[in-house]
Amino acid sequence: MPAPKVRWFVTVLIAMVILGVTAGLALSRARDADAGTRQQADPAGSTPAGSVTAPDEPVPGESMPGGPAPASMEPPVDADPGPSTRPASVTGTAHADPVIAVFRVSRKPICPSGTDQVQNEGRPVVLEWRVTGAKSVTLSVDGPGVYNTYVAEDTATIDFPCGEDAGNEQTHTYTIAVTGPEGTESKTLTVTAPVDGYATT
């Protein structure tokens, strides 16, 4: 090959190599610039590729997915409920004996008096009583024997005979009695009234 052609070919080859190297450097710089632009566009807190994010901490009281459920707040079935508040059952029934709560004279008697012209016939005695634990009572006058039967709370108006001499006192006794499971209870009143008698004019 003649010398001028060889020189020209070498010159062209060197120029092509230089151009190729220049183009390669320009392409490499363009790639680096593009990579930097994309890195700036990513958010500050982004996770690099290939990194592992730790799972969130479990909130107290919540169960982990797939984990055991939290313990129940209800007491176990066989827990001791403590002492019972129900009242103890009562066996049998108590029988209260009758009680004479009140027995008294509500109005005092008066013996007959006056003259052969004006006479005061007197007035009877009035008794009253109240008994608990019984439905009825018996009344006796001047000793044993039932004069009459009355309800547990009642009054009785009874004649008051006066056979004593004038200037003396007439006395009569009155007894009420009630009967219960443990026996009989009774109370006696002694009632007196002055005897004036009749005066002759």
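What you see is a predicted model, and the numbers here were worked out from it, not measured in a lab.

Student: Which residues make up the overall build of the protein chain, and what values go with them?
Tutor: Assigned secondary structure in the protein chain consists of 1 helix and 10 strands. Overall, the protein chain shows an N-to-C arrangement of helices and strands of α-β-β-β-β-β-β-β-β-β-β. By the burial criterion, 15% of the 201 residues in the protein chain qualify as buried. Sequence-distant contacts in the protein chain: of pairs separated by 6 or more residues, those separated by 24 or more amount to 55%.

Student: How would you explain the state of the cysteines if you had to name every residue and give the values?
Tutor: Tallying each qualifying case throughout the model produces 1 disulfide. Between the sulfur atoms of C111 and its disulfide partner C162 the distance amounts to 1.8 Å. As the torsion about the S-S bond is roughly -75°, the C111-C162 disulfide counts as left-handed. Taken together, the residues C111 in the loop between β1 (99-107) and β2 (113-115) and C162 in the loop between β7 (153-158) and β8 (169-180) connect sequence positions 51 residues apart. By relative accessible area, which is 3% here, C111 ends up buried.

Student: Report on the packing of aromatic side chains, specifying residues and quantitative values.
Tutor: Considering all chains together, one arrives at 2 aromatic pairs under this definition. On the numbers, 6.4 Å between centres and 65° between planes, the contact of F103 with W129 is edge-to-face. Of this pair, F103 sits in strand β1 while W129 sits in strand β4 (residues 125-132), and the two are 26 residues apart along the sequence. Here F103 and W129 have matching classes, each one buried.

Student: Requested: an account of the sheet that holds β7, with residues and values cited.
Tutor: Strand order in the open sheet made by the 3 strands is β1-β4-β7, with antiparallel pairing throughout. The strands lining the two open edges of the sheet, one partner per strand, are β1 and β7. Here the average twist between neighbouring strands, direction ignored, is 20°. In this structure, β1 lies alongside β4, joined through 7 bridges in antiparallel fashion. Following the sheet pairing, R104 is matched in β4 by E128.

Student: Tell me about the environment of G145, and name the residues and values.
Tutor: Within the secondary structure, G145 is located in the loop between β5 (136-141) and β6 (148-151). By relative accessible area, which is 45% here, G145 ends up partly exposed. Put simply, G145 and T175 are 30 residues apart on the chain and 9.9 Å apart in space, counted from C-alpha to C-alpha. Setting aside anything within four residues of it in sequence, one finds G145 in contact with L139 and S140.

Student: A description of the nonpolar core should follow, citing residues and the corresponding values.
Tutor: One finds F103, L127, W129, L139 and Y174 to be the most contacted residues of the largest nonpolar core, which totals 21 residues. With 4 residues, β4 is the largest single contributor of residues to this core.

Student: Explain the confidence of the model for the protein chain to me, and be specific about the residues and the numbers.
Tutor: Of the residues in the protein chain, 65% have a pLDDT of 70 or more, and the chain-wide mean is 76. A low-confidence stretch, residues 45-55 stays under pLDDT 50, and its non-local contacts, those more than four residues away or across chains, total 1 contact. A low-confidence stretch, residues 61-65 stays under pLDDT 50, and its non-local contacts, those more than four residues away or across chains, total 5 contacts.

Student: So, the side chain of S140: which residues are in play, and what are the values?
Tutor: Along the chain, the position of S140 falls in strand β5. When near neighbours in sequence (up to four residues on either side) are disregarded, S140 contacts G145, V146, Y147, T173, Y174 and T175.

Student: I'd like a description of the environment of V191, backed by residues and values.
Tutor: Position of V191 among the secondary structure elements: in strand β9 (residues 183-194). Along the chain, V191 and V105 lie 86 residues apart, while their C-alpha atoms are 8.1 Å from each other. For V191, the contacting residues outside a window of four places in its chain are V105, P109, V125, F160, Q170, T171, H172 and Y174.

Rules used throughout
Residues numbered from 1 in each chain as written. Predicted model: local features only at pLDDT ≥ 70, side-chain atom pairs only at ≥ 80, totals over all residues. Heavy atoms only, no water. Helix = DSSP H or I, 4+ residues; strand = E, 2+ residues; numbered from the N terminus. Buried < 20%, exposed > 50% of the residue type's maximum accessible area, 1.4 Å probe, protein only. Contact = heavy atoms within 4.5 Å. Disulfide = S-S within 2.5 Å. Phe/Tyr/Trp six-rings, centres within 6.5 Å; stacked < 30°, edge-to-face > 60°. Pairing = 2+ DSSP bridges. Axes fitted to C-alpha atoms, helices over the stretch in contact; angles between N-to-C directions. Core = buried A, V, L, I, M, F, W, Y, C linked by side-chain atoms within 4.5 Å. pLDDT = per-residue confidence, 0-100.

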